[in-house]
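Close look at the chain arrangement
The chain contents come next:
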Amino acid sequence: MTLHEKYMHRCIELSALGAGSVSPNPMVGAVIVHEGFIIGEGYHQQYGQAHAEVNAVSQVLARFDNAGKLLKNATIYVSLEPCAHYGKTPPCADLIIKHQIPKVVIGCRDPFEQVNGKGIEKLKDAGIEVVNGVLEEECRWLNRRFFTRVQKRRPYIILKWAQTNDGFFAPANKRQYWITGDESRKMVHRWRSEEDAVLVGKNTAMIDNPRLNVRYWPGRSPKRVVIDRKLELNAEFHIYDQSVETLIFNEIKTDIEGNIKYIALEDFDRFVPQYILFQLYLQDIQSVIIEGGAHTLNTFIEAELWDEARIFTGPVVLGHGIKAPCIAGIAGEEVLSGTDRLKILYNKSGN
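Computed from a predicted model, the values in this text were never measured in an experiment.

Analysis parameters
Residues numbered from 1 in each chain as written. Predicted model: local features only at pLDDT ≥ 70, side-chain atom pairs only at ≥ 80, totals over all residues. Heavy atoms only, no water. Helix = DSSP H or I, 4+ residues; strand = E, 2+ residues; numbered from the N terminus. Rg over C-alpha atoms; globule rule 2.2 N^0.38 Å. Buried < 20%, exposed > 50% of the residue type's maximum accessible area, 1.4 Å probe, protein only. Contact = heavy atoms within 4.5 Å. Lys, Arg positive; Asp, Glu negative; His and termini not counted. Charge placed at Lys NZ, Arg CZ, Asp CG, Glu CD. Core = buried A, V, L, I, M, F, W, Y, C linked by side-chain atoms within 4.5 Å. Phe/Tyr/Trp six-rings, centres within 6.5 Å; stacked < 30°, edge-to-face > 60°. Pairing = 2+ DSSP bridges. Axes fitted to C-alpha atoms, helices over the stretch in contact; angles between N-to-C directions. Polar contact = N/O pair within 3.5 Å; in protein donor to acceptor, adjacent residues only side chain to side chain.

For the chain, the count of helices and strands is eleven helices and 17 strands. Computed over the C-alpha atoms, the radius of gyration of the chain is 23 Å, within 12% of the 20 Å expected from 2.2 N^0.38 for a compact globule of 351 residues. By its C-alpha atoms, the chain is 70 × 45 × 35 Å across when sized along the principal axes. Buried positions account for 52% of the 351 residues belonging to the chain. Taking all contacts inside the chain whose residues are at least 6 apart in sequence as the whole, residues at least 24 apart take part in 68%. The average position of the 42 basic charges and that of the 43 acidic charges among the side chains of the chain differ by 1 Å.

Turning next to the nonpolar core. The biggest cluster of nonpolar side chains holds 44 residues, and the ones touching the most others in it are M8, I32 and Y77. Top contributing element to this core by residue count: helix α1 (residues 3–16), with five residues. Residues in contact with M8, not counting those within four places in the same chain, are Y77, V78, S79, V105, I106, G107, V134, L135 and C139. Among the nonpolar cores identified, the runner-up in size contains 33 residues, and L199, V272, L297 and L305 belong to it.

Scanning all chains against the criterion turns up five aromatic pairs. Pairing Y7 with Y77 gives two aromatic rings, centres 5.1 Å apart and planes at 45 degrees, and the pair type is tilted. A residue pair is termed long-range when its members are at least 10 positions apart, and Y7 in helix α1 and Y77 in strand β3 (residues 75–80) qualify at 70 residues. A relative accessible area of 4% places Y77 in the buried class. Ring centres of W141 and Y346 lie 5.3 Å apart, and the angle between their planes is 75 degrees; on these two criteria the pair is classed as edge-to-face.

Let's shift gears to the sheet that holds strand β6 (residues 156–163). Sheet architecture is open: ten strands sit in the order β11-β12-β10-β9-β8-β13-β6-β14-β17-β16, paired in mixed fashion. Every other strand in the sheet has two partners, leaving β11 (255–257) and β16 (330–337) as the edge strands with one partner each. For this sheet the average axis-to-axis angle between neighbouring strands, irrespective of direction, equals 20 degrees. For strand β9 (residues 223–227) and strand β10 (residues 246–250), the ladder comprises four bridges, and the chain directions are parallel. Note on β10: the bridge partner recorded for I227 is F249. Where helix α8 (residues 182–194) meets the sheet, its contacts fall on β6, β8 (197–201), β13 (287–292), β14 (308–313), β16 and β17 (340–346), and the angle it forms with β14 comes to roughly 160 degrees. In this fold helix α10 (residues 272–282) packs onto β6, β8, β9, β10 and β12 (260–264), with an angle of close to 150 degrees to the strand it touches most, β10.

Now for the sheet that holds β3. The sheet built from five strands is open, its strands ordered β2-β1-β3-β4-β5 with mixed pairing. Pairing within the sheet leaves two strands with one partner each, and these edge strands are β2 (37–43) and β5 (129–132). Across this sheet, the average inter-strand angle for adjacent strands is 15 degrees, counted without regard to direction. Bridge analysis of strand β1 (residues 29–34) against β2 gives six bridges, and the strand direction is antiparallel. Its bridge partner being in β2, V33 is matched across the sheet by I38. Sheet strands in contact with helix α5 (residues 118–125) are β4 (103–108) and β5, and its direction is about 150 degrees off that of β5.

Right, let's get into the side chain of T313. Assignment of secondary structure puts T313 in strand β14. By relative accessible area, T313 is classed as buried at 10%. Separated by 3.3 Å, the side chains of T313 and Q163 make a polar contact. In this structure, T313 is in contact with Q163, T164, N165, D340 and R341, ignoring residues within four places of it in sequence.

Below you can see the structure in the form of structure tokens.
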């Protein structure tokens, strides 16, 4: 491992601390090194607040009386190209130039149109040495949600379901039936805290009456998305409890009632996944977990609109019922979760 890779690994570790808090911005970490010692580090902690570079420089300024001199002889490592435009905060490239940091090492370029190469160009024009592409794949992977939203104009899509050991999704009578154990449920709630939204179809909402929150994990609950074509779910269901913003896709009305947003689709017979995902993109939703039911999951699978599939297999056997979705992808992690098995697949050809 080179020195550049060593410090970029630390940037990636710091970046991950922003999971669930910075969307639709990317997760970014920054490390400032002077003569082989880290003198400051930071990460983007909250959407709309200071970026990683700002927090790293601020830490140096707070810790050292001779901070100005140190920065003029330091290298700053950043997992993503410093921004070059005014958004919620001033450009980080300007901050680096202001403090005359002579060298910048970058993990990967920012695909956002207002940045994409412009931050690097601005730094070089100021006479700063720029090294780009250190642990590039790792840095891109960390921000795969951000890259998907910017480049594909849709959220990053995670499919999640549980199936019995003999491959069934639910009993034939569609009654509520728990397949997984407590450890897996806690894991799902952790996942929800890390993503922007969770989506279910009308039948799942009607049968399970889910809250779709993070009761079993600390953190913020995601936005809820429900597909209810004819608005058959009434106010007694948990999705109408006004606790978080809830988007209900239907064919009847577009309206806002407190935290409930009704969004009518023009055509409910064709391209429903595409329409829904574009609307979520317009709502600044960067990632969504699709939790069911089987019809909803299969609709997105058939449209090739998914990026990850997280599949729990429980030890129970049903014998008959609703078959679990069938999906093919690149094998990822496979681990035990209590008495359940978790398998993750990746779709490298997603639309």
